[in-house]
Amino acid sequence: MKVLIAIAWPYVNGDLHVGHLAGYLLPADIFARFQRLLGRDVLMVSGSDCYGTPITVQADKERVTPSEIVEKYHKLDLALFRQYALSYNLYTKTATANHKEIAQELFLELLKNGVIKKGVMQQYYSVEDKKFFPDRYVEGMCPHCKAKDQRSDQCEACGRWLEDGELINPASKLTGSKVVLKDTEHYFLSFKSVGKELEEFVTARKDEWKKWVWAETQGWLKEGLRDRAITRDLDWGIDLPIEEIKKFPKEKQLEDFEGKKIYVWLEAVMGYLSGAIEWSRRVSGDIKDDISEVIFNKYEKQSRSWRDFWLNKKAEHYYFMGQDNLVFHTLLWPAMLIGSKRGYTLPKNVVVNKFMNYEGKKFSKSRNWTIDSKKIAEIYGVDPVRYYMASNLPENKEANFTWDSFISSVNNELVGNLGNFIHRVLTFVEKNFRSEVPEGELSNEVRFEIRDTLSDSGELIQKVRLVEGLSRIMKFVAFANRYFDKEAVWKVVKDDRKKAGEILYNCLQIIQALSVLLYPYMPDSSIRLANMLQIPEAKVETGKNNWRYREIKPGHKIGKIEVIYKKLDPEEVEANKSKLGTKVS
RNA sequence: CGCGGGGUGGAGCAGUGGUAGCUCGCUAGGCUCAUAACCUGGAGGUCAUCGGUUCGAAUCCGAUCCCCGCAACCA
């Protein structure tokens, strides 16, 4: 089966903190790894979102060009994703020739099909500078509380919302010149022609999507979708394909194309398609350049063609994003796919997560209330961080990163339960059985537990209930510890060596199962377990189900024992906070 | 009345009419191969507030308070 894992494209303005990872990046990776172990042909694509005002704002702040911002942060993001072992098949960016080509082409198709229409709206215009300014770049006085330097949408001083044109003495933040609201022509995405199909699409996803995601999407539909502007007056963005548009009938053309770009939200979601195409082109050697600028992976026996993923009714598409992206993925992108009339595969599940907060407050770099994702993994290890996030994903409500729970999670669950079980079994085998797997066979109790854990947790992960999936696996670890205690192998070994051997044989099989079960959540631990046991790593083989237990044969020699997880000292953790970007009072 | 979600022991949550539960934490004791797991017992909740329906309400109805997300040119 073909599975497309489409992950929201993060803005490259240097903001990827722990909340981004826990919100959508890590969940997508866990899900993708699981799908691959099942033997499915998985294409996991995403990339840096290079256009839009957040990029130009950051560029202004750092006094460099937008493309320098893109280059700088794209590299940092790539390094971060490699560090966290996010298993993208392709992580690219929207500032590629390929993306521009696909985005423009899809734009034209939508224009041809009448899904894109032209219309008039009002924007702030500076006569002096002879250009329009985005709202982000306009400031003035609040008409209610008279506070100065307020944005035109909402006054931060009194919290009131402003209507268009209410702002007093609006001026450009960049040049200081006066601006006035002026009519300007733009293209709009219109839902009229796709509305019925769109509603059918949503209705059919009722059982698939999370309840609140579905309910919220219904809320949008109930309210009625308004046409949305999809062009902007900007310097930084993807050009309208003007030459091509000029071949269209007059009524589809704007009077003035000057300075108009495709609005970032429209072309960014097209990245799911263009990314798949780029991957395909790279696999077949059509694109060879800048391999250092991307994460690029291909598994054996994977299909080379993007068409198998995008023009295939049986392909399953899963999208991962934060809640701020909901409507773009449950409605707007599907509307475009439907409107293209090309038979592109529609989303199966749109996995929307809430946000992860930090000790009860929003992450905020400017307020020194953040955790540097790179450093936290350097200090505490990638897997402990992945584990903690995975057990606290904001799947249905906001989650919280707290140091207390991080410490107890690592010390009690990873070290005390998981690490301890592995360690006590392996040291026992080393001391009493010269590191050889003793003779034995699986007891029914253990066999059923392994079987049930694989199927239960697998089912939960398939439903993208990742927190529960992990907790089911940890229940298995608790079972393992209980089993070891109940059988009291340290007593039995004194007068019944054969029986002790059988118990340990069972324990070692449990560890083998764990090396598979942990692969989606903690890939590095999975590999280290396999290395310790000197057994093959959990392996991705397209077309073959490796989400299963494999016997370690009696007589097999296990390798050197290492401590996988280390206990955290609360005092050291406290001392490290400031290194991670957190203001310590 | 813009849309949507939420308020249950210290923390995270389950519980949609019938004696208030789970996991973690805390605590006393036992056991001890181990990075201290496991076993037995214990403490801890006026289920946001007020009112109503009912023999009976965490659960249904009404009102109120509080928290969060989305929307309005901010993916």
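Please read all numbers here as calculations on a predicted model, not as lab measurements. (Residues numbered from 1 in each chain as written. Chains lettered and ligands numbered in written order. Predicted model: local features only at pLDDT ≥ 70, side-chain atom pairs only at ≥ 80, totals over all residues. Heavy atoms only, no water.)

Chemist: So what exactly am I meant to see when it comes to the overall build of chain A here?
Modeler: A tally of helices and strands in chain A yields 20 helices and 18 strands. Relative to a compact globule of 585 residues, whose C-alpha radius of gyration would be 25 Å, chain A shows 27 Å and is just as compact. Taken along the three principal axes of its C-alpha coordinates, chain A extends 95 × 55 × 45 Å. The long-range fraction of contacts in chain A, counting pairs at least 24 apart against all pairs at least 6 apart in sequence, stands at 78%. Summed over its atoms, the accessible surface of chain A is roughly 26400 Å², and 48% of this surface lies on carbon and sulfur atoms. (Helix = DSSP H or I, 4+ residues; strand = E, 2+ residues; numbered from the N terminus. Rg over C-alpha atoms; globule rule 2.2 N^0.38 Å. Contact = heavy atoms within 4.5 Å. Areas by Shrake-Rupley, 256 points an atom, 1.4 Å probe, with all protein chains shown as cover.)

Chemist: I would appreciate a short explanation of the packing of helix α4 (residues 97–112) against helix α11 (residues 326–340) in the present structure.
Modeler: The geometry of a pair of packed helices is captured by two quantities: the angle between their axes and the separation between those axes. With their axes 9 Å apart at the nearest point, α4 and α11 run at an angle of 70° to one another. Classified by the interaxial angle, the pair formed by α4 and α11 is roughly perpendicular. The hand of the α4/α11 crossing is left-handed. For the pair α4 and α11, contact is made by Leu106, Glu109 and Leu110 and by Trp333, Met336, Gly339 and Ser340, respectively. A per-class count over the contact of α4 with α11 returns 4 nonpolar, 2 polar and 1 charged. (Axes fitted to C-alpha atoms, helices over the stretch in contact; angles between N-to-C directions. Parallel < 35°, antiparallel > 145°, perpendicular 65-115°, else oblique. Left-handed = near helix turned anticlockwise from the far one by under 90°. Nonpolar A, V, L, I, M, F, W, Y, C, P; charged D, E, K, R; others polar.)

Chemist: Would you take a moment to explain the confidence of the model for chain A for this structure?
Modeler: Detailed reading of the predicted model is not advised wherever pLDDT is low. Taken over all residues, the pLDDT of chain A has a mean of 91, while the share at 70 or more is 97%. No element of chain A has a lower mean pLDDT than strand β7 (residues 150–151), which averages 72, and none a higher one than helix α10 (residues 307–310), which averages 98. (pLDDT = per-residue confidence, 0-100.)

Chemist: For this particular structure, what's the right way to read the protein's contact with RNA strand B?
Modeler: The environment of RNA strand B is formed by 43 residues, the closest being Tyr11, Arg232, Ala268, Lys362 and Val415. The contact atoms of RNA strand B, taken as those within 4 Å of the protein, divide so that sugar and phosphate hold 59%. In the environment of RNA strand B, a base nitrogen lies 2.4 Å from a nitrogen or oxygen atom belonging to the side chain of asparagine 325. Asparagine 481 places a polar side-chain atom, nitrogen or oxygen, 3.3 Å from a sugar or linking oxygen of RNA strand B. The leading source of residues in the surface near RNA strand B is helix α14 (residues 403–433), at 8 residues. Per-class residue counts for the surface near RNA strand B are 16 nonpolar, 12 polar and 15 charged. (Near = heavy atom within 4 Å. Polar contact = N/O pair within 3.5 Å; in protein donor to acceptor, adjacent residues only side chain to side chain.)

Chemist: Explanation requested: the packing of aromatic side chains in the structure shown.
Modeler: Aromatic rings considered in pairs are described by the distance between their centres and by the relative angle of their planes. This structure, assessed with the given rule, holds 31 aromatic pairs. Aromatic side chains tyrosine 272 and tyrosine 319 sit 5.0 Å apart centroid to centroid with 90° between the ring planes, which places their arrangement in the edge-to-face category. Of this pair, tyrosine 272 sits in helix α9 (residues 271–283) while tyrosine 319 sits in strand β15 (residues 316–322); the two residues are 47 residues apart in sequence, bridging distant segments of the chain. Both residues of the pair, tyrosine 272 and tyrosine 319, belong to the buried class. For the pair tyrosine 380 and tryptophan 403, a centre-to-centre distance of 6.1 Å together with 55° between the ring planes defines the contact as tilted. Taken together, the residues tyrosine 380 in helix α12 (residues 373–380) and tryptophan 403 in helix α14 connect sequence positions 23 residues apart. Classification of tyrosine 380 by relative accessible area gives buried; the value is 12%. (Phe/Tyr/Trp six-rings, centres within 6.5 Å; stacked < 30°, edge-to-face > 60°. Buried < 20%, exposed > 50% of the residue type's maximum accessible area, 1.4 Å probe, protein only.)

Chemist: I keep staring at the nonpolar core and nothing clicks. Help me out?
Modeler: One broad rule of soluble globular proteins: the nonpolar side chains tend to lie buried together. Grouped together as the largest cluster of nonpolar side chains are 180 residues, with contacts concentrated most on Trp310, Trp333 and Phe401. With 14 residues, α14 is the largest single contributor of residues to this core. (Core = buried A, V, L, I, M, F, W, Y, C linked by side-chain atoms within 4.5 Å.)

Chemist: Mind showing me how you'd approach the environment of glycine 237 here?
Modeler: Looking at the secondary structure, you find glycine 237 in the loop between β11 (231–233) and β12 (238–239). Taking the relative accessible area as the measure of exposure, glycine 237 reaches 17% and is therefore buried. On a C-alpha basis, the gap between glycine 237 and threonine 53 in space is 9.5 Å, while along the polypeptide they are 184 residues apart. When neighbours within four sequence positions are excluded, glycine 237 is seen to be in contact with Tyr51 and Lys261.

Chemist: What should I look at first to understand the domain arrangement of chain A in this one?
Modeler: Often, the extent of an interface is quoted as the loss of accessible area on bringing the components together. Here chain A is described as being made up of domain 1 (2–103 + 265–374), domain 2 (113–195 + 206–264) and domain 3 (403–570). Between the C-alpha centres of domain 1 and domain 3 there is a distance of 33 Å. In this structure, the connection of domain 1 to domain 3 is made through 0 salt bridges. At the junction of domain 1 and domain 3, the tally comes to 11 residue pairs in polar contact (both at pLDDT 80 or more). Elements represented by at least two residues in the side of domain 1 that touches domain 3 include exactly α1 (18–37), β15 and β16 (349–353). With 8 residues, α1 is the single largest residue contributor to the side of domain 1 that touches domain 3. Counted by class, the side of domain 1 that touches domain 3 contains 13 nonpolar, 4 polar and 8 charged residues. (Domains from an automatic or database assignment. Salt bridge = Lys/Arg side-chain N within 4 Å of Asp/Glu carboxyl O.)

Chemist: What is the right way to read the sheet that holds β15 from this model?
Modeler: Pairing between the strands of a sheet comes from backbone hydrogen bonds, and it takes one of two forms, parallel or antiparallel. Spatial ordering of the open sheet is given by β14-β3-β2-β1-β15-β16, a layout of 6 strands whose pairing is mixed. What marks the edges here is a single partner per strand, and that holds for β14 (295–296) and β16. (Pairing = 2+ DSSP bridges.)

Chemist: In this structure, what is going on with the pattern of salt bridges? I would like to understand it.
Modeler: Applying the stated criterion across every chain yields a total of 34 salt bridges. For the salt bridge of glutamate 200 with lysine 196, the shortest nitrogen-to-oxygen distance reads 3.5 Å. In this pair, glutamate 200 and lysine 196 are both assigned in helix α5 (residues 195–204), 4 residues apart and thus about one turn of the helix distant. Given the relative accessible area of 45%, glutamate 200 is considered partly exposed. Of the charged contacts, one joins glutamate 541 and lysine 539 as a salt bridge, the two residues approaching to 3.9 Å between their closest N and O atoms. Given a relative accessible area of 23%, glutamate 541 falls into the partly exposed group. On the basis of relative accessibility, which here comes to 48%, the residue lysine 539 falls in the partly exposed class. Connected through shared salt-bridge partners, Glu105, Glu109, Lys112 and Arg342 make up one network.

Chemist: Looking at this structure, I do not really get the packing of α14 against helix α18 (residues 497–517). What am I missing?
Modeler: Viewed as axis vectors pointing N to C, α14 and α18 meet at an angle of 140°, and their least axial separation amounts to 10 Å. If you check the angle between α14 and α18, you find them oblique. For the element pair α14 and α18, the recorded crossing hand is left-handed. Residues Leu418, Phe421, Ile422, Val425, Leu426, Phe428, Val429, Asn432 and Phe433 of α14 pack against Arg497, Ala500, Gly501, Leu504, Cys507, Leu508, Ile510, Ile511 and Leu514 of α18. Residue classes in the contact of α14 with α18 are distributed as 15 nonpolar, 2 polar and 1 charged.

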